[in-house]
Amino acid sequence: MNLRIPGPTPCPPEVLQAMTKPMINHRGPEFAQIIKRIAARLQEFFQTKNDILVLTTAGTGGMESAVVNTMSPGDKVLSASCGEFGDRFAKIAETYGAQVTRLKAELGKAVDPDSIRKALSADPSITAVLLTHNETSTGVTNDLKALAAVCKEFDKLVVVDAVSSLSSIDLQTDAWKCDVVVTGSQKGWMVPPGLAMVSVSEEGWKAVANAKMPRFYFDYQRAKSSADRGQTPWTPAVSVYFALDYALDLMAKEGMQNIFARHARIAAHTRQRVKDLGLALFADEAVASNTVTAVHVPETLQARELLRILREDFQVVMAGGQGSLDGKIFRIGHLGYVQQEDIDKAMVALEEALARLGFAQAAAV
Ligand SMILES: *Cc1c(COP(=O)(O)O)cnc(C)c1O
């Protein structure tokens, strides 16, 4: 099976093998060593000296933890969204009682830093900004450096969903002054689902001390005091820690800059192959993501049928569109454990599936 969705992503066999190790005491010295090792390696990839908390939860749990630990009911929060995941972040904040101002970029486009500047100038009572680094639903990477810089012109707390970027695309947590950054194990980290990793800056910890939203399982102060003792407050997904520990080893061997370069190269290759087939890219190419490519479904075709043929006849699994883009786009994941060869195989299948559906104008366009 060629799993070409933007998470969960394929895992190296050795990473999966690491998960078959017997259970250990999660309050014992061996697990404490793993926690320490993972935290140090994660700091390198987050490019931060900040604390990194590892939570047993999905990426969305990581996003929820960032909201409830840094905000209070009634707080004014700016959400800068360019798709489904940005909208989800806003919804979480609203669910817990924040007053959210929603800034929305056109789908397929990135968030304009000036739009954030305008919104923050218009309402000085806003305290925090919710950003998405890589919008997986549209295949767009925001210029996080520029967006965070604008937020910091106004001294706002910067809270970032980096679930599908961190590990694969450069994100300089400290240099760009990102206060809370969230990622998830099943995206670029080559690890199965189960862990969210979150960095918290000094400013972030100040916000945590004042935040009044209800929280228990996701309480950062509990997570931090446990981590300082080489533990977690609750029973963690021990096997996924084994996997992450091993994957971080592999990633350190490849080297962070090499990983970024591999993703950039494979993404450019993917976009070119898509265009060569006569298909149209969905995202503005200037801001197209290095981890996921969104493609317009030709008007004469049914997205569901195309994905079914790819899955059943070619063992290639691609993702459909989410929300309002359902049926309109399909998405190709190229993050984590991926080589150009995986994309080439998927593209051969895509070409044949398109031909079978009567989409014949390939190469002619
Ligand atoms: C996948 C993803 C999430 C959600 O992760 P889950 O583990 O499915 O909860 C959030 N944000 C982005 C940008 C993602 O790609």
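Shown above is the structure to which this text applies.
I'd like a description of the side chain of D245, backed by residues and values.
One can find D245 in helix α9 (residues 238-254). A residue is classified by how much of its surface remains accessible, and D245, at 12% relative accessible area, is buried. For D245, the residues in contact, after removing those within four places along its chain, are I34, R37 and I38.

An account of the sheet that holds strand β13 (residues 329-333) is requested, with residue identities and associated values reported.
Ordered by their spatial adjacency, four strands build an open sheet running β1-β12-β13-β11, and the pairing between neighbours is mixed. Taken across any chain shown, the strands that pair with only one partner, and hence form the sheet edges, are β1 (2-4) and β11 (292-296). Taken over all neighbouring pairs, the strand axes of this sheet differ in orientation by 30° on average, direction set aside. Relative to β13, strand β12 (residues 316-320) is paired through two bridges, and the arrangement is antiparallel. If you follow G320 over to β13, its bridge partner there is F330. Strand contacts of helix α12 (residues 340-356): β1, β12 and β13, with the helix running at about 90° to β1, the strand carrying the most contacts.

Which residues make up the packing of helix α7 (residues 202-210) against helix α8 (residues 220-228), and what values go with them?
At a closest axis distance of 10 Å, the pairing of α7 and α8 adopts a crossing angle of 120°. The angle between α7 and α8 falls in the class oblique. Across the interface between the two elements, W205, V208 and A209 of α7 pack against Y220, Q221 and K224 of α8. Broken down by class, the residue content of the contact of α7 with α8 amounts to four nonpolar, one polar and one charged.

Account for the nonpolar core, naming residues and giving values.
General note: in soluble globular proteins, nonpolar side chains tend to be found buried as a group. By size, the foremost hydrophobic cluster in this structure holds 56 residues, and its most contacted members are L42, I116, L131 and W189. With nine residues, the top contributor of residues to this core is α9. Both of domain 1 (13-253) and domain 2 (255-363) provide at least three residues apiece to this core. What W189 contacts, discounting residues up to four positions off in sequence, is L42, F45, F46, L166, S167, T183, G184, M197, L244, A247, L248 and M251. Membership of the second largest hydrophobic core comes to 30 residues, among which are A66, A90, V159 and M213.

Now, about the layout of surface pockets: what can you tell me, with residues and values included?
The space that makes up the largest pocket amounts to roughly 360 Å³. Of all the elements in the fold, those that place two or more residues in the lining of the largest pocket are α2 (29-46), β2 (51-56) and α8. With six residues, the single largest contributor to the lining of the largest pocket is α2. For the lining of the largest pocket, the residue count by class is eleven nonpolar, four polar and five charged.

Tell me about the site of the ligand, and name the residues and values.
For the ligand, the set of nearby residues contains 13 residues, the closest of which are T60, T136, D161, Q186 and K187. One of the side-chain N or O atoms of Q186 is found 2.6 Å from an oxygen atom in the ligand. Within the complex, the protein chains bury 87% of what would otherwise be the 380 Å² of accessible surface of the ligand. Going through the elements one at a time, α3 (59-70) and α4 (84-95) are the ones with two or more residues in the shell around the ligand. A total of three residues in the shell around the ligand trace back to one element, the largest contributor, which is α3.

Could you give an account of empty space enclosed by the protein, with specific residues and numbers?
Scanning the entire structure with this criterion turns up three cavities of 30 Å³ or more. Of the voids in this model, the largest cavity is the one considered here, and its volume is about 90 Å³. Every residue along the wall of the largest cavity is listed here: V54, L55, T56, Y217, A223, T232, P233, W234, T235, P236 and Y241. Among the elements that take part in the lining of the largest cavity, β2 stands out by supplying three residues, more than any other. Across the lining of the largest cavity, the residue classes break down as eight nonpolar, three polar and no charged.

Tell me about helix α5 (residues 113-122), and please be specific about residues and values.
Every buried residue of α5 is accounted for by I116, A119 and L120. Taken around the axis of α5, the buried residues stretch over an arc of 95°, which confines them to a single face. Exposed residues pointing more than 90 degrees away from the buried face of α5 are listed as K118 and A122. Elements in contact with the buried residues of α5: β3 (76-81), β4 (99-104), β5 (126-132) and α6 (144-153). Between the side-chain oxygen of the N-cap and the backbone nitrogen of D114 there are 3.0 Å, and the N-cap of α5 in question is D112.

What counts, and at which threshold
- Each residue is numbered by its place in its chain's sequence as written, counting from 1.
- Owing to the predicted nature of the model, reporting of local features is limited to residues with pLDDT of at least 70; listing and counting of side-chain atom pairs is limited to 80 or more, with chain, interface and lining totals taken over all residues.
- In computing side-chain values, all of the structure's heavy atoms are included and hydrogens and water are not.
- Strands are runs of DSSP state E lasting at least 2 residues, helices are runs of H or I lasting at least 4, and numbering of each runs from the N terminus.
- Only protein chains enter the accessibility calculation, which uses a 1.4 Å probe; a residue whose area is less than 20% of its type maximum is buried, one above 50% is exposed, and one in between is partly exposed.
- Contacts are residue-level and defined by heavy atoms, with any inter-residue pair within 4.5 Å sufficient.
- Paired strands are those between which DSSP finds at least two bridges.
- Interaxial angle, 0 to 180 degrees, is taken between N-to-C directions of lines fitted to C-alpha atoms, where a helix line uses only the stretch in contact.
- Roughly parallel means an angle under 35 degrees; roughly antiparallel means over 145; roughly perpendicular covers 65 to 115; every other angle is labelled oblique.
- Throughout this entry, Asp, Glu, Lys and Arg are counted as charged residues, while Ala, Val, Leu, Ile, Met, Phe, Trp, Tyr, Cys and Pro are counted as nonpolar. The remaining residues, Gly among them, count as polar.
- To define a nonpolar core, start from buried Ala, Val, Leu, Ile, Met, Phe, Trp, Tyr and Cys residues and group those joined through side-chain atoms within 4.5 Å.
- Segmentation of the chain into domains, including their bounds, is taken from an automatic or database domain assignment.
- Grid spacing is 1 Å over the protein atoms alone, the probe is 1.4 Å, and a cavity is where that probe fits but cannot get out, while a pocket is an open set with protein on both sides within 12 Å along at least five of seven lines and lining residues have an atom within 4 Å of a point.
- Grid points are joined across faces, edges and corners, and a volume is the space filled by probe spheres set on the points.
- Any residue with a non-hydrogen atom lying within 4 Å of a molecule or strand is treated as near it.
- For the purposes of these results, a polar contact is taken to be a pair of N or O atoms within 3.5 Å, where, inside protein, one atom must be able to donate a hydrogen and its partner to accept one; residues adjacent in sequence count only when each atom of the pair is a side-chain atom.
- Each accessible area is a Shrake-Rupley estimate made with a 1.4 Å probe; only the visible protein chains count as cover when residues are assessed.
- Our arc is simply the arc of the directions from the helix axis toward the C-beta atoms.

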